[in-house]
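# An overview of the molecular structure
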Amino acid sequence: MTSNHRLHKSRREALPSGARVAGLYRGAFLADAFAIGLPQGATRDVLALARFAFERPAPWVDRLMALRDRLVGGFGLKTAGALRAGTQDGAPRVGIFRIYETHANEVVLGEDDRHLDFRVSVMRSGAGDSLTAVTVVHCHNLFGRNYIRLIAPFHRRVVRSALERAARAGWPAEAEA
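Definitions and cut-offs
Residues numbered from 1 in each chain as written. Predicted model: local features only at pLDDT ≥ 70, side-chain atom pairs only at ≥ 80, totals over all residues. Heavy atoms only, no water. Helix = DSSP H or I, 4+ residues; strand = E, 2+ residues; numbered from the N terminus. Buried < 20%, exposed > 50% of the residue type's maximum accessible area, 1.4 Å probe, protein only. Contact = heavy atoms within 4.5 Å. Areas by Shrake-Rupley, 256 points an atom, 1.4 Å probe, with all protein chains shown as cover. Core = buried A, V, L, I, M, F, W, Y, C linked by side-chain atoms within 4.5 Å. pLDDT = per-residue confidence, 0-100. Phe/Tyr/Trp six-rings, centres within 6.5 Å; stacked < 30°, edge-to-face > 60°.

## Notes on the overall build of the chain
Tallying secondary structure elements over the chain gives five helices and seven strands in all. Listing the helices and strands of the chain from first to last along the sequence gives α-β-β-α-α-α-β-β-β-β-β-α. In the chain, which comprises 177 residues, the proportion classed as buried is 44%. Residue pairs at least 24 apart in sequence account for 65% of intrachain contacts in the chain once pairs closer than 6 positions are excluded. Accessible surface for the chain amounts to roughly 9,200 Å². Of this, 54% is attributable to carbon and sulfur atoms.

As structure tokens, this is what we get:
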């Protein structure tokens, strides 16, 4: 495998024990992790990396989210449009995700809703050569469990797409962040 391939292709990873969301793994209805290589000179600012990966989704992801919003909006769930508009308390966001924690090598994003709560930990490796997105979902009810069963395959494709699109676009360099 070429190093260029490593930098542009995401891979499924074991759930990292050092993630700030590791305490949420137990009892999760869905928990997964995907990583991608980072080139030398990529910014060490994990929030900048998270924004670069998750604020500009592929057009097909936008279409998928619009369909999702039409289907679930009638059930009283939060829509992507409402999430992008922000929260009443003015909490900062990365795309549709609320920022819960920021640390030197990790940012924890997520959202709580009637049917489920989820967190996405975006972690830069200590060596600075990879970025890992860890998702943990806890469902509150049957609707939440069925919702995750339905969207899990799409979730995996969306996360991988975000990481791979960012890699192809060229991660922000240290001086740019």
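## Here's the deal with the nonpolar core
Of all hydrophobic cores here, the largest spans 37 residues; its most connected members are Phe54, Leu109, Val122, Leu131 and Trp171. Elements with a minimum of two residues in this core: β2 (30-37), α2 (46-54), β4 (97-102), β5 (106-112), β6 (116-124), β7 (130-139) and α5 (142-169). At eight residues, the largest contribution of residues to this core is made by α5. Beyond its immediate sequence surroundings of up to four residues, leucine 109 is in contact with Val94, Phe97, Arg98, Ile99, Tyr100, Phe118, Arg119, Val120 and Val122. Counting eight residues, the second-largest nonpolar core is a separate cluster that includes Ala19, Val21, Ala33 and Val136.

## Considering the confidence of the model for the chain
With 89% of its residues at a pLDDT of 70 or more, the chain shows a mean pLDDT of 89. By mean pLDDT, the top-scoring element of the chain is β7 (98), and the lowest-scoring one is helix α1 (residues 3-8) (63).

## Re the packing of aromatic side chains
Under the definition given, this model contains three aromatic pairs. Pairing phenylalanine 52 with tryptophan 171 gives two aromatic rings, centres 5.9 Å apart and planes at 45°, and the pair type is tilted. One end of the pair, phenylalanine 52, is in helix α2; the other, tryptophan 171, is in the segment after α5, and 119 residues separate them in sequence. The burial state of phenylalanine 52 is the same as that of tryptophan 171; both residues are buried.

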